[in-house]
Amino acid sequence: EVKAENADLRTEIMKLFRKGKGKSLILRELRSRLIDVEYFEDIVCKLEECGDIDFYQSCNDVLSKKQFDVSNSADKSKAYAYLSRRGFSSDEIKEAFST
């Protein structure tokens, strides 16, 4: 709990983003660490506006690291489930599939 009080929300978001995690998984992990997430959405919006984070690009990068054949419906379903577990939204996943 002491670590959670001293944690910088912006820094923690950036750390988890660099690990290829989506917004909802980042939020879940921060809550599990008892870090105050009151300003989570505001900080994420600011980071997206200044270009420090891009969840669409991150989703593309994570998908490209895995060897899923998205033209095959079974693999596409597996890829969707994998990316969803990583915390990416359906919009981000659909965008990654279309590129």
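This text follows the structure it describes.
Because the structure is predicted, anything quoted here is derived from the model rather than measured. (Residues numbered from 1 in each chain as written. Predicted model: local features only at pLDDT ≥ 70, side-chain atom pairs only at ≥ 80, totals over all residues. Heavy atoms only, no water.)

1. Some words on the packing of aromatic side chains
A ring pair, where both rings are aromatic, is described by two values, the distance of the centres and the angle of the planes.
Okay, step 1: A complete count under the given rule lists 3 aromatic pairs for this structure.
Okay, step 2: Between Phe17 and Phe55, the aromatic rings sit 5.4 Å apart at their centres with planes inclined by 90°, giving edge-to-face as the arrangement. Here the residue Phe17 occupies a position in helix 2 (residues 9-18), and Phe55 occupies one in helix 5 (residues 55-65), the gap between them amounting to 38 residues. For the pair Phe17 and Phe55, a shared accessibility class is recorded, and that class is buried. (Phe/Tyr/Trp six-rings, centres within 6.5 Å; stacked < 30°, edge-to-face > 60°. Helix = DSSP H or I, 4+ residues; strand = E, 2+ residues; numbered from the N terminus. Buried < 20%, exposed > 50% of the residue type's maximum accessible area, 1.4 Å probe, protein only.)

2. Comments concerning the pattern of salt bridges
Okay, step 1: Counting across every chain of the model gives 5 salt bridges.
Okay, step 2: Here Glu12 ties to Arg33 by a salt bridge, and the two come within 2.7 Å at their closest N and O atoms. Of this pair, Glu12 sits in helix 2 while Arg33 sits in the loop between helix 3 (23-32) and helix 4 (40-49); the two residues are 21 residues apart in sequence, bridging distant segments of the chain.
Okay, step 3: Look at Arg33 and you get partly exposed, because its relative accessible area is 35%.
Okay, step 4: Between Glu29 and Lys21 there is a salt bridge whose closest N-O contact spans 2.7 Å.
Okay, step 5: Residue classification places Lys21 among the buried positions, given a relative accessible area of 15%. (Salt bridge = Lys/Arg side-chain N within 4 Å of Asp/Glu carboxyl O.)

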